[in-house]
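# Secondary and tertiary structure notes
What follows is the residue order along each chain.
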Amino acid sequence: MPRSPQALQVQVRGLLAFVHTPFTEAHEVDLPRFCEHLRHLHDDFSDSPSSYFVCCGTGEFWSLDLQEYEALVGAAAKVVGREAPVIAGVGYGTRLALEYVCAAQTQGADGLLIFPPYLASGPQEGLLQHYGTLAAATDLGVFVYNRDNAVFAPQTVARLVEARPNVVGLKDGYGDLERLAGMRDLLGDDFLLMNGMPSAEMYAKRYAEAGIRPYSPGGIEFVPELAWRFDRALAQGDEREVDCLIDGFYRPYTQLRARVPGYGVALVKAGLRLRGRPSGGVRPPLVDPSREHRVVLAELIEKALALAE
């Protein structure tokens, strides 16, 4: 049985693992490697993520057909679903997104992260209708993704939650803390707010000071040792350690990410290859890192491992 929406609000805390989708050299989904990677993240370290977000941005959701999506969500539910919540990404226009909602529920996901509607922008009333329709189609817990062409006003989120109580949280990739404070005022502390900014470590102190602790670590897939060290320093309020790790790895890594669109995913896969855990390349329109950038990434990984000691 999937976890209840209320259970997700309690369990989806701390580090949120956004898991990549491994591909073969022929760019087909590599399901065995996907399962092995999930077990690696969950079993091979003293700590494990609070939850696993699959088929989301890092998982190249936009490149997956429905059959691939079903296989990945189902595999994640079987491999780690008993031990931690599995949240599946959902996107596109309303009618197509409903197919992914149904597939995620059928395959055993615990919750959904709904991405902005594909391409089209709309007013707050349109967002309310789109997200409300998707939330009404499932009894799973639903998280909305606040970014790009789906930036929610606090009042819109409050109306959505009132109409659909299974909407239990929001991942923020927009960065307006005042707007998030307005949501907290209207919805209370139980409504889960998450730091989903690109390279979330760069914003983690500000979000934590605003009472928003969960975040999606940028390097947990290929330098999990440093991800956990950073998280412990943040939890302990060790600002000197946090700043040291930001200056030593996260800031230059963020700068490398910014050089080419889509590098947030491509660098993860390149980093895994450099750590001896190859997962194939990215699907178009993304491109794999250049040789020059792979050299820079290798140097950053070496620095990260030294910082994590």
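Values in this document were obtained by computation on a predicted structure and should not be read as measured data. (Residues numbered from 1 in each chain as written. Predicted model: local features only at pLDDT ≥ 70, side-chain atom pairs only at ≥ 80, totals over all residues. Heavy atoms only, no water.)

Our focus in this paragraph is helix 3 (residues 66-79). Note that an α-helix has 3.6 residues per turn; residues three or four places apart therefore point the same way. With 14 residues, helix 3 extends 20 Å from end C-alpha to end C-alpha; this agrees with the ideal 20 Å at 1.5 Å per step. Among the residues making up helix 3, those that are buried are Glu 68, Tyr 69, Leu 72, Val 73, Gly 74, Ala 75, Ala 76, Ala 77 and Val 79. Tucked inside the fold, the buried residues of helix 3 contact helix 2 (31-43), strand 2 (51-54), strand 3 (86-90) and helix 4 (94-106). Its side-chain oxygen placed 3.1 Å from the backbone nitrogen of Gln 67, Asp 65 serves as the N-cap of helix 3. (Helix = DSSP H or I, 4+ residues; strand = E, 2+ residues; numbered from the N terminus. Expected span 1.5 Å × (residues − 1). Buried < 20%, exposed > 50% of the residue type's maximum accessible area, 1.4 Å probe, protein only. Contact = heavy atoms within 4.5 Å. Polar contact = N/O pair within 3.5 Å; in protein donor to acceptor, adjacent residues only side chain to side chain.)

Bringing the packing of helix 3 against helix 4 into the picture now. A pair of packed helices is captured by two measures, namely the crossing angle of their axes and the spacing between those axes. The interhelical angle for the contact between helix 3 and helix 4, taken along N-to-C directions, is 30°, at an axis separation of 9 Å. Comparing their axes, helix 4 and helix 3 come out roughly parallel. Where helix 3 crosses over helix 4, the handedness of that crossing is right-handed. Facing helix 3, whose interface residues are Leu 66, Tyr 69, Glu 70 and Val 73, helix 4 presents Glu 99, Tyr 100, Ala 103 and Ala 104. Residue composition of the contact of helix 3 with helix 4, by class: six nonpolar, no polar and two charged. (Axes fitted to C-alpha atoms, helices over the stretch in contact; angles between N-to-C directions. Parallel < 35°, antiparallel > 145°, perpendicular 65-115°, else oblique. Left-handed = near helix turned anticlockwise from the far one by under 90°. Nonpolar A, V, L, I, M, F, W, Y, C, P; charged D, E, K, R; others polar.)

Burial along strand 4 (residues 111-114) is two-sided: Gly 111 and Leu 113 facing one way and Leu 112 and Ile 114 facing the other are all buried. The pairing of strand 3 with strand 4 spans four bridges and is parallel. Along strand 4, the bridge assignment pairs Ala 88 with Leu 112. Following the backbone out of strand 3, through helix 4 and into the adjacent parallel strand 4, one traces a crossover that is right-handed. Two elements, strand 4 and strand 5 (residues 141-146), share four bridges in a ladder whose sense is parallel. Within strand 5, the position partnered with Leu 113 by the bridge is Phe 143. Tracing the backbone out of strand 4, into helix 5 (residues 124-136) and back to the parallel element strand 5 gives a crossover that is right-handed. (Pairing = 2+ DSSP bridges. Right-handed = clockwise from strand over helix to strand, strands pointing away.)

To continue, consider the sheet that holds strand 7 (residues 192-195). Read across the sheet, seven strands follow the order 1-2-3-4-5-6-7 without closing on themselves; strand pairing throughout is parallel. The open sheet is flanked by strand 1 (16-18) and strand 7, the only strands paired with a single partner. Across the sheet, the mean angle separating the axes of adjacent strands is 25° when strand polarity is ignored. The sheet contact formed by strand 1 and strand 2 spans three bridges and is parallel. Each residue of the ladder has a partner; that of Leu 16, found in strand 2, is Ser 51.

Glancing now at the environment of Arg 159. Along the chain, Arg 159 falls in helix 6 (residues 154-163). Placed 27 residues apart in sequence, Arg 159 and Gly 132 show a C-alpha to C-alpha distance of 9.5 Å. Among all residues touching Arg 159, those that are not within four sequence positions of it are Glu 125 and Leu 128.

So, on to helix 12 (residues 291-308). Between the first and last C-alpha of helix 12 there are 26 Å, a value that for 18 residues agrees with the 26 Å anticipated at 1.5 Å per step. Those residues of helix 12 lying buried are His 293, Leu 297, Leu 300, Ile 301, Ala 304 and Leu 307. Seen end-on, helix 12 carries its buried residues on one side only, within an arc spanning 120°. Exposed residues on helix 12 whose side chains face more than 90 degrees from its buried face are Arg 291, Glu 292 and Glu 302. (Arc of directions from axis to C-beta.)

Next up on the list: the pattern of salt bridges. It is possible for side chains of opposite charge to pair when their charged atoms get near one another. One pass over the full model with this rule turns up 18 salt bridges. Taking the shortest distance from any N to any O, the salt bridge between Arg 179 and Asp 176 comes out at 3.6 Å. Its relative accessible area of 23% is what places Arg 179 among the partly exposed residues. Ionic pairing is found between Arg 251 and Asp 247, a salt bridge with its closest N-O pair at 2.2 Å. (Salt bridge = Lys/Arg side-chain N within 4 Å of Asp/Glu carboxyl O.)

Moving on, we get to unusual backbone geometry. Looking along the chain, the bond that leaves Pro 284 and enters Pro 285 is cis, with omega of 15°. On the secondary structure map, Pro 285 appears in the loop between helix 11 (263-274) and helix 12. We note that Glu 60 has phi near 55°; this positive angle belongs to a residue other than glycine. Its identity as a non-glycine residue notwithstanding, Tyr 92 has a phi of 80°, on the positive side. Within the fold, Tyr 92 resides in the loop between strand 3 and helix 4. A relative accessible area of 18% means that Tyr 92 is categorised as buried.

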